Structure formats: C-alpha cells, structure tokens
There are 2 protein chains.
Amino acid sequence: MDMWISEAQIPNAAMTYKIKETLVRRQTEFQDLAIVDSYELGRMLVLDGIVQTTIKDEFVYHEMISHIPLYTHSSPKKVLVVGGGDGGAIREILKHPTVEKAVLCEIDGAVIEECKKHLKEISCALDDPRCEVFVGDGIKYVHEHKNEFDVIIVDSTDPFGAAEGLFGGSFYKEIYQCLTEDGIFIAQTETPFYLPEVVKSVFNDARDVFPVTKLFMAHIPTYPGGYWSFTVGSKKYDPENPDFSGKVDIDGLKYYTKKIHSAAFTLPKYVEDLLK
Amino acid sequence: MDMWISEAQIPNAAMTYKIKETLVRRQTEFQDLAIVDSYELGRMLVLDGIVQTTIKDEFVYHEMISHIPLYTHSSPKKVLVVGGGDGGAIREILKHPTVEKAVLCEIDGAVIEECKKHLKEISCALDDPRCEVFVGDGIKYVHEHKNEFDVIIVDSTDPFGAAEGLFGGSFYKEIYQCLTEDGIFIAQTETPFYLPEVVKSVFNDARDVFPVTKLFMAHIPTYPGGYWSFTVGSKKYDPENPDFSGKVDIDGLKYYTKKIHSAAFTLPKYVEDLLK
C-alpha cells in the first residue's frame, strides 16, 4: 500500500508526498501536529495539514530568516524568535559569536517536544546554554518586554487562524517597542505568486511602523510555488546593503552567502510592482 | 466529480492540479500531448505527463530564457529556437527591435498546431512575418547551419527520451558552430534541488565548449521545486554583466528587469558548490 499526504494550502493546486511512516500525529491544544517520514524530503513537520519544514530543504528557510537580520545588525547580542518551535532559527542564530542570548517564545509546547524527539537535526540547539525556551503567547511576551532585543524573528505559521495576530500593524508596533534602538525585525510573509494581496498588505503594515522596510525572496521547494517572501523592518540599518566588515564567515551554510544576501532583495517585476 | 491531474516528474513528490476540462489529448508522432484548463493556473500544456507551461506562470520562463541572452548580445539579428513549439520564446524575442528573423525549429508539428488553437496568449507571435516556423529535427537543423545565428535558445523538454540529444557536449559543439562569432547559447537545464547531477553534468558539458559559461536561476512555480536553472554559453559577452547602453526598455514585462538580469546569476551556496 502506498501512503501519500497531500497539502491543500492553495485550494486547487496541491503538493503530494509519498510517505514511509507517520512518526507522530496528535491534536495539541492549538493544532493538528504530525511528523511524517517522506521518501523524497526526509522527515517533515506538518501543522494543520501544512508542511512547515522538512529535513531536505529546511536549510533555506532557517538560514535566510536568521542570517539576513543577524548579518545586517552590527553586533546582535539578544535575539527573540516568536514561533519557530522546531528550533531551526535558534540553531542558525547561535552560529553568530556576538549572540549572548536567544529566546524562543513558542505558543505550542508540543511542537518543541515532538521536534526535540523526532527532528533532532533541526532542534539540536534548543538545549544550548545561550538558548532560553519559553512556552507562551508571543504577542503577550513582546508586549511585556520593551527595548530589549536586537533582532526579533517572527517564524510563524500562515496568517490564518492561530497565527493571525502575528501579522499586521498592531503587532508590528509592539515589536518596534520590544526592539533596541537599532533593532531589526523579520517575518516570513508568504508567496507573492499565489497570495499577492497578503504579501502586499503585510509589507505595507510593516512599512507604516519601521523607518526602513524591505522585502526579499528565497526559494523553498516545499512551500507553495517554491518562492517565499520575507519582510524586514529596521530602525537604522539597511538590510539590503549591510556592512560586513568585522563579520565572521560561518562555515557549513548551504544557501546563505554574503553575495546572495543582497541579491535576494532584487525582486522580479511583478513583486516590485506589488510593493509600490 | 472533481478532476485532478498529477505530475510525477519527481517520483515521490507530485504536483496536482484541479482541472475544469481537457481541451485536447492526443498521441502525436513523438509524445502524449494534452492541453487542459486548470482552476489555479489557467490552461496548461502537458507533454508525456509533464507540465510544460501554464497561462499563469509562463511569463517567468519565457522572459528569462529570451531576454537574458538578447540583452547580453550587443545587437542580436538572427535568433534560433530549438523546441519551444508553444511560441512563448518567439513572442519575447520579437520584442527586441534589432531582431530581423526568429526561426522556430520544433520537431513535433502537433505542439505548434494545438498551441496556436488553444494557447493563443503564448503562441500569438508565430504568425509574425519575422518568424519562420520549421517543423523538423533540431539536431539536424543546427548541423546544417553554420555561423548563422546570434542567439540560439534550446527550449526543450527534459533530458530523458525524445529531448536527450539536445543536452550534452556533442550537441553543444554543433551549437557553437551554428552561432556567429559573438554568439550566445542558452538552455533550460533542470532543477538543482531535485536533479543536482543533471545540472552539474549539463553545465560541465557546456563549459567544455564555450569560453564563457554561466548558470542563472529563475523561480517557476509549476516546475518541480519551483526553482529552475538555465545555462548560458557565450563566445564573447559576459551574460552576468551585460552592457545595457543603447538597449531599449521593453514595456509590459512581468519578471525580467535589468537589475534581476544580474541578480539571477548570484547563486545559493549549494548551487555554487555544484558547479565547482
């Protein structure tokens, strides 16, 4: 018997994957959580039927959501990840020697627990002494911490349902206040090909709050369309043209390079037009 | 009853699309040809079960395979397209005012015929007086024409079965001779994510023949992984850093810009490493 899972994020165009086995499937307090082992992409974390990350392509998302802001900031010391319970962003953040503390604020403790069990390649840094794991509401956490983080990474699920409050102007104002005076915010902001209106509205919300707001793209094969946007809001630094002087090279990266850092901000015409 | 088609180009990871209707399905002399109308992407040309082009995302492929070489060459006058029976590359080529003649050499006349009937948005330039349509074998055509074309575009299906002869060193040597002394060759060369060995071997074959060989990437949502490579072989011009002086701006493009032209050659680390 062949087992396949089908992801219906886009109503009339699905990605399907042949599966070896289901390692865990449970209803948590917040969502339907599954970790399955696929033939083509290795183990996958699936939340509410949407593939969040896979062993084979997670490097693209986690490197780009982490190294773009951390190479942009001159000396990031304290970093907050909202969401990101798989630990992939934390793993990348801790590769920067300036980082003294990385806080993970994930609302669903079950995601952390299962990823620590079944996705060790991704969650491996969650036990690092510089990492502090906090299970709770990111909106509340951000509200209660002012002027504290150099970088805030919103590594959330899609802006429908549970994660809806992590997108939009009122949360971005809270993020702004939670950041230090030269702080940087980044969020995954969906696909301009299938969801142009979402990308546009989230970008405009961030632009209303941050002095410098830019969007870059990365290629993530297991996300719909394979082409994903990230929005960066910055109080001071230009994320497109960072000052790399004094920055270490990090060994072992598979997607990020200093050259791709800037090139990722060069947008195809239809994405440029969306942001006008 | 819901109708879906499923594309099995990657054995254990498929794309599936919900279909309104099948406009044509026939066995031609060379392949299984279908044109279907999908809910999400509009009409699609499907050859031997593989989606070749769709109304919604064809602009990416056709703009990038055409405008990269045509903006690189200082004054392209004669252009050859091998394959490309849908006419999309011809449509883009004829937007360049220097072009006097664009030859389409497609082995399967049925592709041209059905695309002219059912994909008019793509095939619309095939009746242009500057376009000459030739139904026949591209390998033979290239062999019989020496020192004739400023740009040759190999717009083929995948390098398995019918199109296999359009990839590899012996064909690239023929291409070299078919080009004028400052000629440029370009081909679609698959996905580095799912088929790294194919990308590597095709690139090395081209590098053995051309003084300047470079690879660039474009995101094409309906191709596996959404991330596609193109290899450019050039006798003289550097395709990554073209001289745009004297070049017209083309109105109405949706992907290509002069900025994205160069940025597309900046590769993620894992693709860079493939080509070492």
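Residues numbered from 1 in each chain as written. Chains lettered and ligands numbered in written order. Predicted model: local features only at pLDDT ≥ 70, side-chain atom pairs only at ≥ 80, totals over all residues. Heavy atoms only, no water.

- An unreviewed UniProt entry lists chain A under the name Polyamine aminopropyltransferase, with Clostridium cellulovorans given as the organism.
- What the UniProt record of chain A gives under Sequence similarities (unreviewed entry) is the line "Belongs to the spermidine/spermine synthase family."
- In UniProt, chain A has this text filed under Catalytic activity (unreviewed entry): "S-adenosyl 3-(methylsulfanyl)propylamine + putrescine = S-methyl-5'-thioadenosine + spermidine + H(+)". (UniProt positions renumbered as here; feature names shortened; annotations may be inferred.)

## Here we look at unusual backbone geometry
Residue and element names in this part refer to chain A.
Phase 1 of the analysis: With a phi angle near 50°, Asp48 is a residue other than glycine that sits in the positive phi range.
Phase 2 of the analysis: With respect to the secondary-structure elements, Asp48 resides in the loop between strand S4 (42–47) and strand S5 (50–54).
Phase 3 of the analysis: Residue Asp48 is classed as partly exposed on the basis of its relative accessible area, which comes to 48%. (Helix = DSSP H or I, 4+ residues; strand = E, 2+ residues; numbered from the N terminus. Buried < 20%, exposed > 50% of the residue type's maximum accessible area, 1.4 Å probe, protein only.)

## Quick look at the interface of chain B and chain A
Phase 1 of the analysis: Counting residues at the interface gives 38 residues for chain B and 38 residues for chain A.
Phase 2 of the analysis: When chain B packs against chain A, the two sides together hide about 3,300 Å² of surface, and 64% of this comes from carbon and sulfur.
Phase 3 of the analysis: Among the residues of chain B in contact with chain A, Asn12, Phe193 and His219 of chain B are the three that bury the most area, contributing 20% of the side total.
Phase 4 of the analysis: For the interface between chain B and chain A, the tally reads two salt bridges.
Phase 5 of the analysis: One salt bridge connects Glu240 of chain A with Lys259 of chain B, and the closest N-O pair in it is separated by 3.9 Å.
Phase 6 of the analysis: Connecting chain B to chain A are nine residue pairs in polar contact (both at pLDDT 80 or more).
Phase 7 of the analysis: Among the elements of the structure, strand S1 (3–10), strand S2 (13–27), helix H8 (258–263) and helix H9 (269–274) of chain B are those that each provide at least two residues to the side of chain B that touches chain A. (Contact = heavy atoms within 4.5 Å. Buried area = accessible area lost by both parts, 1.4 Å probe. Salt bridge = Lys/Arg side-chain N within 4 Å of Asp/Glu carboxyl O. Polar contact = N/O pair within 3.5 Å; in protein donor to acceptor, adjacent residues only side chain to side chain.)

## Brief notes about the pattern of salt bridges
Pairing between side chains of opposite charge can happen when the charged atoms of each approach one another.
Residues and elements named next belong to chain B.
Phase 1 of the analysis: If you walk through the whole model with that rule in mind, you get 42 salt bridges over all chains.
Phase 2 of the analysis: Taking the shortest distance from any N to any O, the salt bridge between Lys78 and Glu148 comes out at 2.5 Å. In this pair, Lys78 is assigned in strand S6 (residues 78–83) and Glu148 in the loop between helix H5 (138–144) and strand S9 (149–155), connecting sequence segments 70 residues apart.
Phase 3 of the analysis: Classification of Glu148 as partly exposed rests on a relative accessible area of 22%.

## Comments concerning the sheet that holds strand S10 (residues 179–188) of chain A
Residues and elements named next belong to chain A.
Phase 1 of the analysis: The strand order across the open sheet built from seven strands is S8-S7-S6-S9-S10-S12-S11, with neighbouring strands paired in mixed fashion. Looking along the sheet, the strands with just one partner apiece sit at the ends: strand S8 (131–135) and strand S11 (212–219). The mean inter-strand angle of the sheet, taken between neighbouring strand axes irrespective of direction, is 15°.
Phase 2 of the analysis: Bridge count for strand S7 (residues 101–106) against S8 is five bridges, and the pairing is parallel. Of the residues in S8, the one forming a bridge with Ala102 is Cys131.
Phase 3 of the analysis: Against the sheet, helix H1 (residues 58–72) engages strand S6 (78–83), strand S9 (149–155), S10, S11 and strand S12 (227–234), with an angle of about 160° to S9.
Phase 4 of the analysis: Sheet strands touched by helix H6 (residues 169–178): S6, S9 and S10. Its angle to S10, the strand with the most contacts, is close to 140°. (Pairing = 2+ DSSP bridges. Axes fitted to C-alpha atoms, helices over the stretch in contact; angles between N-to-C directions.)

## Focus: the domain arrangement of chain A
Reports of interface size often rely on the accessible area that becomes lost once the parts have come together.
All names here are of chain A.
Phase 1 of the analysis: Assigned domains of chain A: these are domain 1 (3–54) and domain 2 (58–274).
Phase 2 of the analysis: For domain 1 versus domain 2, the separation of C-alpha centres amounts to 23 Å.
Phase 3 of the analysis: Domain 1 puts 23 residues into the contact, and the matching count from domain 2 is 22 residues.
Phase 4 of the analysis: Summing both partners gives a buried area of about 2,000 Å² for domain 1 against domain 2, and 62% of it is carried by carbon and sulfur.
Phase 5 of the analysis: For the interface between domain 1 and domain 2, the tally reads two salt bridges.
Phase 6 of the analysis: The salt bridge partner of Glu114 is Arg26, with a shortest N-O separation of 2.7 Å.
Phase 7 of the analysis: Counting the contacts that link domain 1 with domain 2 gives seven residue pairs in polar contact (both at pLDDT 80 or more).
Phase 8 of the analysis: Looking at the side of domain 1 that touches domain 2, the elements that each hand over two or more residues are strand S1 (3–10), strand S2 (13–27), strand S3 (32–38), S4 and S5.
Phase 9 of the analysis: Take the side of domain 1 that touches domain 2: its biggest share by element is six residues, from S2.
Phase 10 of the analysis: Residues that form the side of domain 1 that touches domain 2 fall into these classes: 14 nonpolar, six polar and three charged. (Domains from an automatic or database assignment. Nonpolar A, V, L, I, M, F, W, Y, C, P; charged D, E, K, R; others polar.)

## Concerning helix H1 (residues 58–72) of chain B
Structurally, the α-helix is built with 3.6 residues per turn, so residues lying three or four positions apart point the same way.
Phase 1 of the analysis: With 15 residues, H1 of chain B extends 22 Å from end C-alpha to end C-alpha; this agrees with the ideal 21 Å at 1.5 Å per step.
Phase 2 of the analysis: Most of H1 of chain B is tucked away: 15 of the 15 residues are buried. (Expected span 1.5 Å × (residues − 1).)

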